[in-house]
Structure formats: structure tokens, C-alpha cells
Amino acid sequence: MLKSEIKLRTDYAFRDKRIPGAPLEHIRILEHIRHNKWKAEWIDPNPGLVHYAESGQLVCTWKGRKAFLEEEENRERILKRNEEQGYEEDSPITDALYEVFESIGESGVSFYKGVLRCSPEAIDRIRTQAQMKTEQSSPFAYTDRRGTLHLPFDEALELAQKFCATEPAAVLDACDPRHLGAEIGFFSVLHTWDQRLQ
């Protein structure tokens, strides 16, 4: 959590190491020490223990832990799906997807590490432009606690392919003229490969 989000006398979920699936401990923040260091009382486990915690070890409020754990599980599921679908960070396909989603012109749309993130309204506008059905997502897509929709790599790839096919000018106008030949090559790869990258 950010230092500015942490309040005194409030209960938080504490995780010693930021590893997904690691157990959460129930603590109460007693006072701010300095920078990102807080004095805390442990409620469970080790009731009554008073020790120190850092802002980064507080993952959410204690009341919000169930939603946090569900979101964490969804994130892990989408990453596993991406791996099964052949997602690779350093590939021409991934580079092309970064370019396509940067050029779409929708604020708040982000393609990062194989996951497309945006508001449900933004994705519906993009799907409409790509002549796809709106409000249709894979079972691996999820909406987080802040209302941001997360789509897996294969769904982002299909959306980019269809958007490029229906709105090529929107994508090509955003390309740097010095790299235009390479960009067109990327879009050709997007257009010819299927969701399984074959």
C-alpha cells in the first residue's frame, strides 16, 4: 500500500514477503515511525506482539482481504492462461500489441506483460470500432476492485487483429514514419497469426 493510504488504528493484512498466495497476517497500525516504517500490533498470529512493518508489506485493509485474495487468484489465473497461449514478453507479436493499444486513442487503455487493462466502457468502444460484439469476454477476464477490466493475451490479440483490420489508418497514423515498414510488418504478423500464434 502507499504510505498516504495507511491510517492509524486501522487493521491491515500484512504479508512478510510479497509472494502471491503467501499467508496474510492480521495487524493494527499504532504509529508512523519514519518514511515507510510503521509500528504495528499483531492480532493474528502472535496476538499482542508489537513490531515494525513497512508500507509495502501492507497489502490491503483487513476488511478488504477477501476481495484482495480473489483478485490475486484471478491475476494468477490470467497469467497461467497467457503462458498456455504462448505469450512471450520479448516477441514481435507482443511489440505489435503494445503499438496497437498505444495508438488506439482511448485513455486508460494499457497493455502490459500480456494483459490488456482498461475500463469496461473503453473496451466496449474499442470492440465497437473493431466490429466485435460488446460485453463479451473470456472466462479468464476479470474486473478488479477499482473497476478495471483485465483481458488475457489471446483476447487482446484477437481484439488488436480485428481493430487493425477495421481501423488501419488509426494505427498507421500513430506510427513513427522512420519505422513505418517495421510497423506494417508487425501488423501483418498480427493479421496472419491466430490466437495460438500459429
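Here the structure is a predicted model, which means the values were calculated and not measured. (Residues numbered from 1 in each chain as written. Predicted model: local features only at pLDDT ≥ 70, side-chain atom pairs only at ≥ 80, totals over all residues. Heavy atoms only, no water.)

Peer 1: Any details on the sheet that holds strand β1 (residues 11-14)? Residues and values, ideally.
Peer 2: Strand order in the open sheet made by the five strands is β4-β3-β2-β1-β5, with antiparallel pairing throughout. This sheet does not close on itself; its edge strands, each paired only once, are β4 (50-54) and β5 (58-61). Averaged over all adjacent pairs, the angle separating strand axes in this sheet is 50 degrees, with direction ignored. Pairing between β1 and strand β2 (residues 25-34): four bridges, direction antiparallel. From the neighbouring strand, Phe14 faces β2, where its bridge partner is Glu25. (Pairing = 2+ DSSP bridges. Helix = DSSP H or I, 4+ residues; strand = E, 2+ residues; numbered from the N terminus. Axes fitted to C-alpha atoms, helices over the stretch in contact; angles between N-to-C directions.)

Peer 1: I'd like to hear about the pattern of salt bridges, residue by residue, with values.
Peer 2: Applying the stated criterion across every chain, the model contains nine salt bridges. Among the salt bridges present, the one from Glu72 reaches Arg15, with a minimum N-O distance of 2.6 Å. Within this pair, whereas Glu72 is found in helix α1 (residues 65-84), its partner Arg15 is found in the loop between β1 and β2, the two being separated by 57 residues in sequence. With respect to class, Glu72 is no different from Arg15; both count as buried. One salt bridge connects Arg81 with Asp154, and the closest N-O pair in it is separated by 2.7 Å. (Salt bridge = Lys/Arg side-chain N within 4 Å of Asp/Glu carboxyl O. Buried < 20%, exposed > 50% of the residue type's maximum accessible area, 1.4 Å probe, protein only.)

Peer 1: Describe the environment of Ala156, listing the residues and the values that go with them.
Peer 2: Summarising the element assignment, Ala156 is placed in helix α4 (residues 153-166). Relative accessible area serves as the criterion here: at 0%, Ala156 is assigned to the buried category. If we skip the residues at most four places from it in the chain, Ala156 touches Leu97, Phe101, Phe111 and Leu116. (Contact = heavy atoms within 4.5 Å.)

Peer 1: I'd like a rundown of the packing of aromatic side chains, residues and numbers included.
Peer 2: Taken as a whole and judged by the stated rule, the model has four aromatic pairs. Residues Phe14 and Trp42 carry aromatic rings whose centres are separated by 5.1 Å and whose planes lie at 70 degrees to one another, so their mutual orientation is edge-to-face. One end of the pair, Phe14, is in strand β1; the other, Trp42, is in strand β3 (residues 37-44), and 28 residues separate them in sequence. The residues Phe14 and Trp42 share a single accessibility class, namely buried. Taken together through their ring pairs, the aromatic side chains of Tyr98, Phe101 and Phe111 make up a single cluster. (Phe/Tyr/Trp six-rings, centres within 6.5 Å; stacked < 30°, edge-to-face > 60°.)

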